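Here's the letter readout for the chains.
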Amino acid sequence: MEIKKLGLIAGGGKLPVLAANAAREKNIEIITIAFTEQIGAELRPYSEKVYNYGVGQATKIINTLKQEGVEHVIILGKVDKGIIFNKFSLDWRALQSLIR
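Just so we're clear, the structure is a prediction, and the values are computed from it rather than from any experiment. (Residues numbered from 1 in each chain as written. Predicted model: local features only at pLDDT ≥ 70, side-chain atom pairs only at ≥ 80, totals over all residues. Heavy atoms only, no water.)

**Q** Summarise unusual backbone geometry; cite the residues concerned and give the values.
**A** Its identity is not glycine, yet Asn27 carries a phi of approximately 60 degrees, on the positive side. Inspection of the secondary structure puts Asn27 in the loop between α1 (15-25) and β2 (29-34). The exposure class assigned to Asn27 is exposed, which follows from its relative accessible area of 70%. (Helix = DSSP H or I, 4+ residues; strand = E, 2+ residues; numbered from the N terminus. Buried < 20%, exposed > 50% of the residue type's maximum accessible area, 1.4 Å probe, protein only.)

**Q** Talk me through the pattern of salt bridges; I want residue IDs and the actual numbers.
**A** Where charged atoms from two side chains of opposite charge approach closely, those side chains can pair. All told, the structure shown has 4 salt bridges when counted by the stated rule. In this structure, Lys4 engages Glu2 in a salt bridge whose closest nitrogen and oxygen atoms are separated by 3.9 Å. Judged by relative accessible area, Glu2 falls into the exposed class, the value being 65%. Lys49 is the salt-bridge partner of Glu68, the closest N and O atoms lying 3.1 Å from each other. (Salt bridge = Lys/Arg side-chain N within 4 Å of Asp/Glu carboxyl O.)

**Q** Describe in detail the pairing of β2, supporting the description with residues and values.
**A** With 5 of 6 residues buried, β2 is to be regarded as a mostly interior element. Pairing analysis gives 6 bridges linking strand β1 (residues 5-10) to β2, with the strands arranged parallel. In the sheet register, Ile9 faces β2, and the bridge partner there is Ile33. Remark: the β1/α1/β2 crossover connection has right-handed handedness. Bridging between β2 and strand β3 (residues 49-52) involves 4 bridges; their strand directions are parallel. (Pairing = 2+ DSSP bridges. Right-handed = clockwise from strand over helix to strand, strands pointing away.)

**Q** Tell me what's going on with α1, and back it up with residues and numbers.
**A** Along α1, the residues classified as buried are Pro16, Ala20 and Ala23. Across the axial projection of α1, the buried residues extend over an arc of 65 degrees, all falling on one side. In α1, the exposed residues that point more than 90 degrees away from the buried face are Leu18 and Glu25. Packed against the buried residues of α1 are β1, β2, α2 (37-43) and β4 (72-76). Looking at the residues trailing α1, positive phi occurs at Asn27, about 60 degrees. (Arc of directions from axis to C-beta. Contact = heavy atoms within 4.5 Å.)

As structure tokens, then:
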């Protein structure tokens, strides 16, 4: 299976940067969903596009990845309390997931 475009949902730390760099070296286009602007800035050099969404914005995240034509997604990085409560708002999809 050859991956040409990869969605990266990124928390903090070095792991998302290492993965994005490795993918970029293999000519895989990276579409990043970053949970903070700082994370987005760290991943911008490796990414075709970077979007900044809160953890609870599941519908926006999924719709953006679909609009970008992403079929493969990885989720990497630390999501600490500061990130969770920074842009805290749960959309309907995120709320349903928590209820389950």
